[in-house]
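# Report on the structure
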Amino acid sequence: MVDIEEPGEENLSVTAPKTWATGAPAVAHALQYALGQTSVRRTALTLLNINQAKGFDCPGCAWPEPGPGQRHRNEYCENGAKHISDEATSRRVTADFFGQHSIDELGRASDHWLNQQGRLTEPMVKRPGADHYEPIGWDEALGLIADELRALDSPDEALFYTSGRLANEPAFLLQLFARAFGTNNLPDCSNMCHESSGSALNETLGIGKGSVSLDDIYDADLIFVVGQNPGTNHPRMLSALEETKRRGGRVVAVNPLPEAGLMRFKHPQKARGVIGRGTAIADQFLQIRPGGDLALFQALNLLLLQAEDERPGTVLDHGFIASHTTGFDEFAEHARKTDWADVLEATGLSREEIEEVHARVLDSRRIIVCWAMGLTQHKHGVPTIREVVNFLLLRGNIGRPGAGVCPVRGHSNVQGDRTMGIWERMPQSFLDALEREFAFTPPTKHGLDSVDSIRAMLDGRAKVFLGVAGNFVRATPDSDATERALRNCRLTAHISTKLNRSHTVCGRTALILPTLGRSDRDVQASGEQFMTVEDSMSEVHATRGRLGPASDQLLAEVSIISRLARLVLGEQPTLPWEEFEADYDSIRDRIARVVPGFDDFNTRIRHPGGFRLPNPVNQQKFNTASGKAVFTRNDFTMLRAPKGHLILQTLRSHDQWNTIPYAMDDRYRGIKGGRRVVLVNPADLAELGLADRDVVDLFSVWRDGVERRADGFRVISYPTPPGSAAAYYPETNVLVPLDSVADISNTPTSKAVVVRLVQHVST
Ligand SMILES: Nc1nc2c(c(=O)[nH]1)N[C@H]1C(S)=C(S)[C@@H](COP(=O)(O)OP(=O)(O)OC[C@H]3O[C@@H](n4cnc5c(=O)[nH]c(N)nc54)[C@H](O)[C@@H]3O)O[C@H]1N2
Ligand SMILES: Nc1nc2c(c(=O)[nH]1)N[C@H]1C(S)=C(S)[C@@H](COP(=O)(O)OP(=O)(O)OC[C@H]3O[C@@H](n4cnc5c(=O)[nH]c(N)nc54)[C@H](O)[C@@H]3O)O[C@H]1N2
Ligand code: SF4
Ligand SMILES: [Mo]
């Protein structure tokens, strides 16, 4: 029987949140995790190759590395080291393991426990009616999927999910396969992540990506870090901000929580970082109410318009506005109606605080706004980001050095996957390019995103689910509904490196297809292969695994997708799947002809450090209907919880990678030994009649009346803004209603769930 309890939940200990990030303890923590997973030799081999020109890309976040000449010998952070050790682990999940544990038993194990079992080693199948997985050969496994796909009434009954771990080459092949099969059903983790950024930036600037480079970050006068916890989620962003500060730039942090990394940073690879006081990061910290950012930026825009009235010709960039934008007059008229009482209520800030920021803005010629999930996972995430764009456009802070938009992406290649065509709504120009290159007509009907895929599985419109990387069942909202959805499928199959909860929530037939990870050597018929990724700043570079694979039965993602495609679609001279599998250069040749910016891909990728994709915004060219950047009018709705309720945000601890907890600690927030915790402001606790360390059940309140609950959370008194609370994802995904999504982007509102806390009664 599996021990399904999280280890040490009862050992919860809490100290005050830290006020600085990294330094010596970080290095020690990373090594401790690494050595718990694998040998000293493998640890050394992996760590020496992360983010080096001839090594592999860190499988952690999408923050870029400095150019090859400026790179440190240890160009990784504590969490990068943990991510890579987690993949390079010596632990193995074998056929015996699946013989010992029924699927039902595994379904009751924790996410942490499942991941700790190690790397998957051979293909496994759960046949209809079976309660265990059993081994299966690759040919039979792929044959089962092909049979189910061919038996569908329509290609739109199949779903092809991707997570941003996938490198460019397999991503390109996956979308090619799905479209040649006849569907645009390519849901991905981005739907739950930066979709709101893509929607807002496409509409206003004509491209759904950030515009800045690392050099811009260094050269900015003022950087806003909004809705982001870089100390945990993009640790090396702090080294970049340290450089910005060294050059005289300033930082404003906007966050409901006083995150350690926003306050002070001790560089782990510099002597003064290990023993000194480190660098103060935020010059000003705005402890905003959840969802208050749209109001904040609207107020800043109002102040800029008023300053311009007072000192005409000195505040706004009239030349830029006149020649490069549309919609200014309508925007300005709307912005002038901003009501201060509403702003102060929505933000929870004082007018003086906002005016202090305004003074900094007036002082700064070059401004960058960085953001992540604190903006995107809200009902009005898209209008909030559009308002950020308005703010930057007003003073021409778009498309010039040291200025611009910086959505800080999550997964190491999530941006690249989109560039490769992983999107349910790729533009017609991309589909036309596919048609020219591969001589088939791709479907034009938009496909299903992640939330709509769940609906389609629930009501039987989708019957086959193939997940390539990721952990769909834990990444998505409304866990109970999502589990029902997957169980309703004829077939679920996952191409994965490690065991996770999605493998335990099975369709009638279920398959686990184990694959190589980033750090594994990939040898095909033409010899050793490398793959490519694109970081958050559009830098494309090679990644080359160095370790012996976890098992000799693993196939590369490219092999699995190519072999499956060949089985389903048959031999076609225009789709040479065997050639793709044998030599990844042949895939890159095709990418070069289909995807803009990849000309001469195979040559340029071999330059140390790779190359940067062009972003037209940086030539002040905007691929919008008008050819100009677009000012928009945005309204904010006040995020209010009814009396006795709180707005809950679901976020990451320091010791997890998305759906996978590595350990039970959240060092910077002072929480150790437990994840089922909910952080609540002391005043709210008093009002709710609760005390620190009480155990509560969380109930989410939604208009459909369905009871969504997560039981047994320990309350921690914490400096959250009044009326709001925070708890970890994925334990709380069960509370996020499927229909609670951001306008336009359809992203689950994981940062705003209305909840009630009820004293837990033990039974
Ligand atoms: N170690 C580690 N690194 C990671 C990941 C991981 O799981 N572990 N995940 C990766 C992925 S896929 C992603 S997308 C990124 C995510 O990176 P983040 O976006 O930093 O991740 P979250 O933990 O979701 O934190 C959101 C932050 O937004 C704040 N916030 C919440 N609501 C609001 C709001 O209304 N306004 C403002 N201004 N702030 C708000 C929260 O307090 C928190 O600090 O990290 C990537 N890097
Ligand atoms: N409530 C709530 N929900 C959220 C969020 C939130 O903040 N709150 N954040 C959302 C965000 S931003 C994201 S990006 C999603 C993340 O959603 P996903 O990307 O789906 O989830 P991950 O946890 O990154 O997936 C981990 C699994 O990926 C597999 N894997 C790892 N490396 C590889 C590889 O190289 N190849 C293959 N084939 N498989 C591999 C392993 O089997 C591992 O178990 O979650 C979203 N869900
Ligand atoms: S900052 Fe991100 S990409 Fe860089 S080493 Fe850390 S986790 Fe990896
Ligand atoms: Mo993400």
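No experiment lies behind these values; they were computed from the predicted model shown.

### Here's the deal with the UniProt feature "domain: Molybdopterin dinucleotide-binding" (unreviewed entry) in the protein
- What UniProt calls "domain: Molybdopterin dinucleotide-binding" (unreviewed entry) maps, in this numbering, to residues 646–753.
- Between the C-alpha atoms that bound residues 646–753 the distance is 8 Å, and the span itself is 6% helix and 35% strand.

### Focus on the sheet that holds strand β4 (residues 124–126)
- The mixed open sheet is built from six strands, whose spatial order is β5-β4-β17-β16-β15-β6. Each edge of the sheet is formed by a strand with only one pairing partner; in this case those strands are β5 (134–135) and β6 (158–162).
- Here three bridges tie β4 to strand β17 (residues 509–514), and the two strands are oriented antiparallel to one another. When the sheet's bridge partners are listed, lysine 126 is paired in β17 with alanine 510.
- This element, helix α8 (residues 168–181), spans β6 and β15 (464–468) of the sheet and lies at about 170° to β6.

### Concerning the site of ligand 1
- Taken together, the neighbourhood of ligand 1 is formed by 33 residues, with Asn255, Glu259, Gly291, Asp293 and Asn658 sitting nearest.
- Separating a nitrogen atom of ligand 1 from a backbone N or O atom of glycine 227 is a distance of 3.3 Å.
- Within the contact set of ligand 1, a nitrogen atom lies 2.8 Å away from a backbone nitrogen or oxygen of asparagine 233.
- Protein chains bury 99% of the 910 Å² of accessible surface belonging to ligand 1 in isolation.

### Considering the state of the cysteines
- Counted by the stated rule, this structure contains zero disulfides.
- Free cysteine: cysteine 189, not disulfide-bonded; nearest cysteine sulfur from cysteine 193 at 5.9 Å.
- Residue class for cysteine 189 comes out buried when judged on its relative accessible area of 11%.

### Focus on the nonpolar core
- Core analysis: the biggest nonpolar cluster contains 71 residues, and Leu149, Phe160, Phe172 and Phe177 have the highest contact counts within it.
- The greatest single-element share of this core, amounting to eight residues, is contributed by α8.
- Discounting chain neighbours no more than four positions away, the residues touching phenylalanine 160 are Leu149, Leu174, Phe177, Ala178, Phe181, Thr183, Asn185, Leu186, Pro187 and Leu466.
- Ranked by size, the runner-up nonpolar core spans 56 residues in total, among them Val254, Ala346, Leu349 and Phe631.

### Comments concerning helix α21 (residues 381–394)
- Helix length check: α21 (14 residues) gives 20 Å between terminal C-alpha atoms against 20 Å at 1.5 Å per residue, within 8%.
- Most of α21 is tucked away, with 14 of its 14 residues classed as buried.
- Positioned one or two residues after α21, glycine 396 has a phi angle of 65°, which is positive.

### Re the side chain of serine 700
- Examined against the element boundaries, serine 700 turns out to sit in strand β29 (residues 695–700).
- A polar contact is formed between the side chain of serine 700 and the backbone oxygen of leucine 735, at a distance of 2.9 Å.
- With near-sequence residues (within four places) excluded, serine 700 lies in contact with Val706, Arg708, Leu735, Pro737, Val753, Val754 and Val755.

### Describing the domain arrangement of the protein
- Examined at the domain level, the protein breaks down into domain 1 (21–87), domain 2 (92–191 + 413–518 + 552–598), domain 3 (195–407) and domain 4 (646–759).
- For domain 1 and domain 2, the distance between their C-alpha centres works out to 28 Å.
- Tallying the contact residues gives nine residues for domain 1 and eight residues for domain 2.
- Contact with domain 2 buries surface across domain 1, with Pro59, Asp86 and Glu87 losing the most and accounting together for 59% of the total.
- Linking domain 1 to domain 2 there are three salt bridges.
- We note a salt bridge from arginine 518 to aspartate 57, for which the minimum N-O separation is 3.3 Å.
- Taken together, the elements giving at least two residues each to the side of domain 1 that touches domain 2 come down to α1 (24–37) and α3 (78–87).
- Here the residues of the side of domain 1 that touches domain 2 are counted per class, giving four nonpolar, one polar and four charged.

### Examining the sheet that holds strand β32 (residues 753–759)
- The strand order around the closed barrel built from six strands is β24-β31-β28-β30-β29-β32, with neighbouring strands paired in mixed fashion. Direction aside, the axes of adjacent strands within the sheet are offset by 45° on average.
- Note: strand β24 (residues 646–651) against strand β31 (residues 724–728), five bridges, orientation parallel. Bridge assignment links leucine 648 to a residue of β31, and that residue is alanine 725.

### Topic: the environment of serine 450
- Note that serine 450 resides in helix α24 (residues 450–458).
- Its relative accessible area of 0% is what places serine 450 among the buried residues.
- In the structure, serine 450 is positioned 26 residues away from glutamate 424 in sequence and 9.5 Å away in space, judged by C-alpha atoms.

### Quick notes on the site of ligand 2
- Surrounding ligand 2, one finds 30 residues, the nearest of these being Tyr161, Arg165, Ala475, Glu557 and Thr659.
- Interatomic distance of 2.8 Å between a side-chain N/O atom of serine 163 and an oxygen atom of ligand 2.
- With respect to ligand 2, the side chain of glutamine 377 contributes an N or O atom lying 3.2 Å from an oxygen atom.
- In terms of residue class, the shell around ligand 2 is built from eleven nonpolar, 14 polar and five charged.
- Built from parts of two domains, the shell around ligand 2 gets at least three residues from each of domain 2 (92–191 + 413–518 + 552–598) and domain 4 (646–759).

About the criteria used
- Residues numbered from 1 in each chain as written.
- Chains lettered and ligands numbered in written order.
- Predicted model: local features only at pLDDT ≥ 70, side-chain atom pairs only at ≥ 80, totals over all residues.
- Heavy atoms only, no water.
- UniProt positions renumbered as here; feature names shortened; annotations may be inferred.
- Helix = DSSP H or I, 4+ residues; strand = E, 2+ residues; numbered from the N terminus.
- Pairing = 2+ DSSP bridges.
- Contact = heavy atoms within 4.5 Å.
- Axes fitted to C-alpha atoms, helices over the stretch in contact; angles between N-to-C directions.
- Near = heavy atom within 4 Å.
- Polar contact = N/O pair within 3.5 Å; in protein donor to acceptor, adjacent residues only side chain to side chain.
- Areas by Shrake-Rupley, 256 points an atom, 1.4 Å probe, with all protein chains shown as cover.
- Disulfide = S-S within 2.5 Å.
- Buried < 20%, exposed > 50% of the residue type's maximum accessible area, 1.4 Å probe, protein only.
- Core = buried A, V, L, I, M, F, W, Y, C linked by side-chain atoms within 4.5 Å.
- Expected span 1.5 Å × (residues − 1).
- Domains from an automatic or database assignment.
- Buried area = accessible area lost by both parts, 1.4 Å probe.
- Salt bridge = Lys/Arg side-chain N within 4 Å of Asp/Glu carboxyl O.
- Nonpolar A, V, L, I, M, F, W, Y, C, P; charged D, E, K, R; others polar.

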